[in-house]
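Here is what each chain is made of, one letter per residue.
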Amino acid sequence: MPRNYHPDNTMPKGNGWVYVFGSNLAGRHGAGAAKAAHVNFGAKYGVGEGPTGKAYAIPTKDRHLKTLSLDEVRDGILAFINFAHSKPETLFFITRIGCGLANFDDDDIAPCFVGAPENCSFPEPWRRYLDTTETRT
């Protein structure tokens, strides 16, 4: 089955989506996709990693708002992928994690999602990374 993609900088349409966003480990959801997660999907302040409300936080910054290393972000992405595999009935709407306030590039982050299950929808700009990366295995 082909991957699902959505336009960049949009919100999921309809009910049942879990909004996946980049966070800081302090769980201060004050800007960007993290603020949208708090306002629209009930992400709780103080929860900077894992499921929260109808959202899922992938840390891209530490408790002091310093950007994490790419390896640390990859660890959070892998934890999410494992979680998404365990919830096949849940739809996950993935934002451009780390590509805003954390200053990562799409080419750093998008390939980390190879292996994510079919219940994940990705930003359209990531299509070229995920579709071409998966065909190389």
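In what follows, the structure referred to is the one given above.
Fair warning: this is a prediction, and the values are worked out from it, not measured in the lab.

Colleague: Requested: an account of the overall build of the protein chain, with residues and values cited.
Modeller: Scanning the protein chain for helices and strands turns up 4 helices and 6 strands. Reading the protein chain from its N end, one meets helices and strands in the order β-β-α-β-β-α-β-α-β-α. Taken over the C-alpha trace, the protein chain has a radius of gyration of 14 Å; the compact-globule value for 137 residues is 14 Å, and the two agree within 12%. The dimensions of the protein chain, computed from C-alpha atoms along their principal axes, are 40 × 35 × 25 Å. Burial status across the protein chain gives 47% buried among its 137 residues. Of the contacts formed within the protein chain by residues at least 6 apart in sequence, a portion of 64% connects residues at least 24 apart. Summing over all exposed atoms, the protein chain offers an accessible surface of approximately 7100 Å²; the carbon and sulfur share of this is 52%. Taking the 15 positively charged and 15 negatively charged side chains of the protein chain as two groups, their mean positions are separated by 7 Å.

Colleague: Lay out unusual backbone geometry in plain terms, naming residues and giving numbers.
Modeller: Phi is positive for asparagine 9, close to 60°, though the residue is something other than glycine. Position of asparagine 9 among the secondary structure elements: in the loop between strand E1 (4–6) and strand E2 (17–24). Judged by relative accessible area, which is 75%, asparagine 9 ranks as exposed. The phi dihedral of asparagine 103 is positive, around 65°, even though this residue is not glycine.

Conventions used here
Residues numbered from 1 in each chain as written. Predicted model: local features only at pLDDT ≥ 70, side-chain atom pairs only at ≥ 80, totals over all residues. Heavy atoms only, no water. Helix = DSSP H or I, 4+ residues; strand = E, 2+ residues; numbered from the N terminus. Rg over C-alpha atoms; globule rule 2.2 N^0.38 Å. Buried < 20%, exposed > 50% of the residue type's maximum accessible area, 1.4 Å probe, protein only. Contact = heavy atoms within 4.5 Å. Areas by Shrake-Rupley, 256 points an atom, 1.4 Å probe, with all protein chains shown as cover. Lys, Arg positive; Asp, Glu negative; His and termini not counted. Charge placed at Lys NZ, Arg CZ, Asp CG, Glu CD.

Geometric values such as these leave the question of function open.
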